[in-house]
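Summary of structural features
Listed below, chain by chain, are the residues.
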Amino acid sequence: MPLMSIGQTAAALGLTTSTLRYYDERGLVPPAERRGGHRMYGTEQLRRAALVQLMHGLGIPLSTAGVLLDAPEETWRTVVRDRIAEVDDLIARAQAARCLLGHALECPSPRPAQRCPELIHALDELIAGTPANQFAAADTCGCGSPRARRGGHARSDVSNDGPRTLWHS
């Protein structure tokens, strides 16, 4: 593949030329060579830029891309393992958020934060300093329970005798 100008490279990857200059300044995608002061890019540089673009689009820091591209194997593997642990934590928090929001949405009460016994229990646990475990992961929060899959949900009606739970299908 013949070398391409910065404009051609940017167009091929759907980037701006300023983005490629920034990648060069960061040491992520240096040009293959310079001709008359102009940056020229070959296949290897396009692949590097595509990897940086992909990782950046996935929310992976540019520093991680740089380590993956250029650091010694022991270093990049350690950094990647650490990032995977961070992503796993992010996934767990996103699943818990999905579960909590889905749980509230499935509740037939117009005010689940005040009337849903499961949500109230979770809130009381937080107040007491205990984690709200039922929303810690989507597979343990009850969102995948047969009751939830049927569309049923606990509804708490408050009467003068206190709250009582009614199960609806």
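This is a predicted model, so every value here is computed, not measured. (Residues numbered from 1 in each chain as written. Predicted model: local features only at pLDDT ≥ 70, side-chain atom pairs only at ≥ 80, totals over all residues. Heavy atoms only, no water.)

Helix and strand content of the chain: 8 helices and 5 strands. Going from N to C terminus, the chain has its helices and strands arranged as β-α-α-β-β-α-α-α-α-α-α-β-β. Burial analysis of the chain (169 residues in total) assigns 30% to the buried set. Across the chain, the fraction of contacts at a sequence separation of at least 24, relative to all contacts at a separation of at least 6, is 39%. With the model as given, the accessible surface of the chain reaches about 10,600 Å², and the carbon-plus-sulfur share is 56%. (Helix = DSSP H or I, 4+ residues; strand = E, 2+ residues; numbered from the N terminus. Buried < 20%, exposed > 50% of the residue type's maximum accessible area, 1.4 Å probe, protein only. Contact = heavy atoms within 4.5 Å. Areas by Shrake-Rupley, 256 points an atom, 1.4 Å probe, with all protein chains shown as cover.)

We now examine helix H4 (residues 62–70). Every buried residue of H4 is listed here: Leu 62, Thr 64, Ala 65 and Gly 66. Where the residues of H4 are buried, they touch helix H2 (17–25), helix H3 (43–57) and helix H5 (73–106).

On to the sheet that holds strand E3 (residues 38–41). Taken in spatial order, the 3 strands make up an open sheet running E1-E3-E2, and their pairing is antiparallel. On the outer flanks of this sheet lie strand E1 (4–5) and strand E2 (33–35), each paired with one strand and no other. Relative to E3, E2 runs antiparallel, the two being bridged by 3 bridges. Paired with Glu 33 across the strands is Met 40, a residue of E3. (Pairing = 2+ DSSP bridges.)

Its boundaries defined by the atoms lining it, the largest pocket holds a volume of some 280 Å³. Lining the largest pocket we find 15 residues, and of these Ile 60, Pro 61, Arg 83, Ile 84 and Val 87 sit closest to its centre. Sorting elements by how many residues they give to the lining of the largest pocket places H5 first, with 8 residues. Across the lining of the largest pocket, the residue classes break down as 9 nonpolar, 2 polar and 4 charged. (1 Å grid on protein atoms, 1.4 Å probe; cavity = no way out; pocket = protein on both sides within 12 Å on 5 of 7 lines; lining within 4 Å. Points joined across faces, edges and corners; volume = space filled by probe spheres on them. Nonpolar A, V, L, I, M, F, W, Y, C, P; charged D, E, K, R; others polar.)

So, on to the pattern of salt bridges. Taken as a whole and judged by the stated rule, the model has 7 salt bridges. Where Asp 24 meets Arg 34, a salt bridge forms, and the shortest distance between an N and an O atom there is 3.3 Å. Highlighted residues: Asp 24 in helix H2 and Arg 34 in strand E2, separated in sequence by 10 residues. Arg 34 gets classed as partly exposed once you look at its relative accessible area, which sits at 47%. Ionic pairing is found between Arg 35 and Glu 33, a salt bridge with its closest N-O pair at 2.9 Å. What you see here is one network of salt bridges that share partners, running through Asp 24, Arg 34 and Arg 39. (Salt bridge = Lys/Arg side-chain N within 4 Å of Asp/Glu carboxyl O.)

Of the strand pairs in this sheet, E1 and E3 are connected by 2 bridges, and their pairing is antiparallel. Looking across to E3, one finds that Ser 5 is bridged to Met 40. Counting the residues in the hairpin turn of E2 and E3 gives 2 residues, including Gly 36, whose phi is positive at 60°.

Turning our attention to the nonpolar core. Counting 16 residues, the largest nonpolar core has Leu 20, Tyr 23, Leu 28, Val 29, Tyr 41 and Val 52 as its most contacted members. The set of elements that each furnish at least two residues to this core consists of helix H1 (6–13), H2, H3 and H4. Examining the composition of this core, we find that 4 residues originate from one element, H3, more than from any other. Once residues within four sequence positions are removed from consideration, Tyr 23 is found in contact with Leu 15, Leu 28, Val 29, Ala 49, Val 52, Gln 53 and Leu 62. (Core = buried A, V, L, I, M, F, W, Y, C linked by side-chain atoms within 4.5 Å.)

Attention shifts here to the environment of Thr 17. With respect to the element layout, Thr 17 can be found in helix H2. By relative accessible area, which is 28% here, Thr 17 ends up partly exposed. Sequence separation between Thr 17 and Gly 7 is 10 residues; the distance between their C-alpha atoms is 6.0 Å. Setting aside residues up to four positions removed in sequence, Thr 17 forms contacts with Ile 6, Gly 7 and Ala 10.

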